[in-house]
Amino acid sequence: MPLDTPTRGQGDAVLALIGNTPMVEATRLDAGPCRLFLKLENQNPGGSIKDRIGLAMIEAAERDGSLKPGGTIVEATAGNTGLALALVAARKGYKLILVIPDKMSREKVFHLKAMGADVVMTRSDVGKGHPDYYQDLAQKIASETGGFYVNQFGNPANPRAHEASTGPEIWEQMDRDVDAVVCGVGSAGTITGLTHFFRKVSPKTGMVLADPAGSILVDYVKTGKFGEAGSWLVEGIGEDFIPSIADFTGVREAYAVTDAESFAAARDLLAKEGIFGGSSTGTLLAAALRYCRSRTKPERVVSLVPDSGNKYLSKMYNDYWLTDQGFIERAKHGDLRDYIGRPMEERATVSVGPDDTLLTAYGRFKLNDVSQLPVLEGVRIVGLIDEFDVLRAVAAGTSRFLDLVRKHMTADLETVAPKGRLDDVLAILDRDQVAIVADGDKFHGLITRIDVLNSLRRKHH
């Protein structure tokens, strides 16, 4: 079958921007004896490598008649394929329904909704065969609505897009000299398409599989057996099954990369090279560097930056999220201060002053997604104000939003000393209050229920 020539969305200026992404050499990372090049797929108009397959799969469906003008497209996606389909559907006038597992970052979900997609959230803790599993649910919705089910995991137009565009671009940008290409596997389209392309033009080019620890793929590639799938936080790659389009026959090396390694590598890439990649970028980069450092002779190695870090600002680029997840170790005090989620000593506490207005307090509740705030004068806590205090005040008249916090705060505070017992904290939480940790006049921070849960989870992780 002849390869689909990438049309690059002919006649549409935005879709024509898909592909032809830049290649840059990473010069400030330790790649051992090798040279490491990064293909910036985050420069696609939808922000990820999935723009290539979003366009290719829709145009293939148009050609074979399974998608008619004004039709409905349905897909199961961890986010980026959804964004690519949303971009193409919006430009071509299709309705789009996306089924998304509930571990995806809020930025991706907000982005999808802003693009006009109908988003159906489903559970991320169930496997294939369960009615709430995202792919099974998408298939069911497609059959009920008469929509075109894209099925990126089994759609041959997915790897063909990479064979026809990504592969040739890498080949030309690398002056036709590539020893290895590092890929992750979500739907397996990239690794399969690149394997097929390089097998024809450069048999010496091997694939390096970068997989999140917990995914079954590294074990499968190395042993041919299916291990038990675990869980991981990196988004968009790793699988608990083998996609039907997958071709792993070109894989030379395979690395399992932990979440901690992935997040550290992505943050390092931003700090040292100024390249802002998402969580899977970190997995690929960590594997690429391991591969490069293991070589005894120089090689020319390509890795991908599959999407942009701006979708992960609330997660892997947020120090507090990393701390809550146990990826950043805080200094230990050996007392109740270790349970404080946003410590005063790190300037992390969100607070108001007694002479701020209720409008200011309301704005900080909303911006920081909290329901109560300590009222501070310097390092001294003088009160606590929560959403109900503000509600009670403004229900009597919205002009009360301009009242000062000191007029409506709770000043009768029960505090716990840092050397106090966790049982004392739990007793306060049991009364639907928040625990205030203070040493005389010196305020250290608040302990909420989620802070205690985060701390206990870190201990048992």
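What you see is a predicted model, and the numbers here were worked out from it, not measured in a lab.

Calculation rules
- Residues numbered from 1 in each chain as written.
- Predicted model: local features only at pLDDT ≥ 70, side-chain atom pairs only at ≥ 80, totals over all residues.
- Heavy atoms only, no water.
- Core = buried A, V, L, I, M, F, W, Y, C linked by side-chain atoms within 4.5 Å.
- Buried < 20%, exposed > 50% of the residue type's maximum accessible area, 1.4 Å probe, protein only.
- Helix = DSSP H or I, 4+ residues; strand = E, 2+ residues; numbered from the N terminus.
- Contact = heavy atoms within 4.5 Å.
- 1 Å grid on protein atoms, 1.4 Å probe; cavity = no way out; pocket = protein on both sides within 12 Å on 5 of 7 lines; lining within 4 Å.
- Points joined across faces, edges and corners; volume = space filled by probe spheres on them.
- Nonpolar A, V, L, I, M, F, W, Y, C, P; charged D, E, K, R; others polar.
- Salt bridge = Lys/Arg side-chain N within 4 Å of Asp/Glu carboxyl O.
- Pairing = 2+ DSSP bridges.
- Axes fitted to C-alpha atoms, helices over the stretch in contact; angles between N-to-C directions.
- Phe/Tyr/Trp six-rings, centres within 6.5 Å; stacked < 30°, edge-to-face > 60°.
- Expected span 1.5 Å × (residues − 1).
- Parallel < 35°, antiparallel > 145°, perpendicular 65-115°, else oblique.
- Left-handed = near helix turned anticlockwise from the far one by under 90°.
- Polar contact = N/O pair within 3.5 Å; in protein donor to acceptor, adjacent residues only side chain to side chain.

**Observations concerning the nonpolar core**
Then step 1. Grouped together as the largest cluster of nonpolar side chains are 38 residues, with contacts concentrated most on L36, L38, V182, L285 and V301.
Then step 2. The dominant element in this core, judged by the number of residues it contributes, is helix 9 (residues 279-294), at eight residues.
Then step 3. Apart from residues lying up to four places away in sequence, L285 is in contact with L29, L36, A265, L269 and S303.
Then step 4. Core analysis: the second largest hydrophobic core is formed by 30 residues, L55, A56, L83 and A89 among them.

**Structural notes on empty space enclosed by the protein**
Empty space among the atoms becomes apparent when a probe as large as a water molecule is rolled across them.
Then step 1. Here the structure, examined in full by the defined rule, presents two cavities of 30 Å³ or more.
Then step 2. Here the second largest cavity is characterised by a volume of approximately 30 Å³.
Then step 3. For the lining of the second largest cavity, the class distribution of residues is five nonpolar, one polar and two charged.

**Structural notes on the pattern of salt bridges**
Then step 1. A complete count under the given rule lists 41 salt bridges for this structure.
Then step 2. In this structure, the salt-bridge partner of R35 is E25, at a minimum N-O distance of 2.8 Å. Separated by ten residues along the polypeptide, R35 in strand 2 (residues 35-39) and E25 in strand 1 (residues 23-26) bring together distant segments of the chain.
Then step 3. Here R35 falls in the partly exposed class, since its relative accessible area comes to 40%.
Then step 4. Close ionic contact of K332 with E329 constitutes a salt bridge, the shortest N to O distance being 3.3 Å.

**Points about the sheet that holds strand 13 (residues 415-416)**
Then step 1. Here we have three strands laid out as an open sheet, ordered 13-14-15, and mixed in their pairing. Each of the sheet's edge strands pairs with one partner strand only, and the pair in question is strand 13 and strand 15 (442-447).
Then step 2. The pairing of strand 14 (residues 435-439) with strand 15 spans five bridges and is antiparallel. By the bridge assignment for strand 15, A435 is matched with I447.

**A closer look at the sheet that holds strand 7 (residues 180-183)**
Then step 1. Taking strand neighbours across the sheet as the criterion, the six strands line up as 1-2-10-7-8-9 in an open arrangement whose pairing is mixed. Both outer strands of the open sheet, strand 1 and strand 9 (251-257), are each paired with one neighbouring strand and no more. Each adjacent strand pair in this sheet contributes to an overall mean axis angle of 25°, direction not counted.
Then step 2. Judged from the four bridges that link them, strand 1 and strand 2 form a sheet pairing that is antiparallel. From the neighbouring strand, A26 faces strand 2, where its bridge partner is L36.

**Considering the packing of aromatic side chains**
Then step 1. Summed over all chains, the structure comprises twelve aromatic pairs.
Then step 2. With 5.2 Å between their ring centres and 85° between their planes, F263 and F327 make a pair best called edge-to-face. Remark: F327 occurs in the loop between helix 10 (319-325) and helix 11 (358-368) and F263 occurs in helix 8 (residues 259-273); sequence separation between them is 64 residues.
Then step 3. Of the residues examined, F263 reaches a relative accessible area of 3% and is grouped as buried.
Then step 4. Each member of the aromatic cluster is reached from another via a ring pair, and the members are Y133, Y134, F153 and F241.

**Some words on helix 4 (residues 134-145)**
An α-helix turns once every 3.6 residues. As a result, residues three or four positions apart point the same way.
Then step 1. Taking 1.5 Å of rise per residue, twelve residues should cover 16 Å, and helix 4 covers 16 Å from first to last C-alpha, within 8% of that figure.
Then step 2. Buried positions along helix 4 lie against strand 3 (72-76), strand 4 (95-101), strand 5 (118-122) and strand 6 (148-149).
Then step 3. Count one or two residues on from helix 4 and you reach G146, which has phi positive near 75°.

**Things to note about the environment of M174**
Then step 1. Among the structural elements, M174 can be located in the loop between helix 5 (157-173) and strand 7.
Then step 2. Setting aside residues no more than four positions away along its own chain, M174 makes contact with M23, F37, R300 and V302.

**Considering the packing of helix 1 (residues 50-64) against helix 5**
Helices that pack against each other are described as a pair by the angle of their axes relative to one another and the distance between those axes.
Then step 1. For the pair helix 1 and helix 5, the least separation of the axes is 8 Å and the interaxial angle reads 130°. By the criterion of interaxial angle, the relationship of helix 1 to helix 5 is oblique. Where helix 1 crosses over helix 5, the handedness of that crossing is right-handed. Of the residues in helix 5, those touching helix 1 at R52, I53, A56, M57 and A60 are A157, N158, A161, H162, S165, T166 and E169.

**Overview of the packing of helix 1 against helix 2 (residues 80-92)**
Then step 1. Put simply, helix 1 and helix 2 touch, their axes get as near as 8 Å, and they point 50° apart. For the element pair helix 1 / helix 2, the angle class is oblique. Of the two possible hands of crossing, helix 1 and helix 2 adopt the one that is right-handed. Residues K50, D51, I53, G54, L55, M57, I58, E59 and E62 of helix 1 touch helix 2, and the partners they reach there are N80, T81, A84, L85, L87, V88, A89 and K92.

**Notes on the side chain of S279**
Then step 1. Here S279 lies in helix 9.
Then step 2. In this structure S279 comes out as buried when scored by relative accessible area, which is 1%.
Then step 3. A polar atom in the side chain of S279 sits 3.0 Å from the backbone nitrogen of E235.

**Some thoughts on the layout of surface pockets**
Then step 1. Approximately 1600 Å³ is the volume attributed to the largest pocket.
Then step 2. Lining the largest pocket are 47 residues, and of these D369, V370, S371, Q372 and T448 lie nearest its centre.
Then step 3. Of the residues that constitute the lining of the largest pocket, the class distribution is 19 nonpolar, 14 polar and 14 charged.

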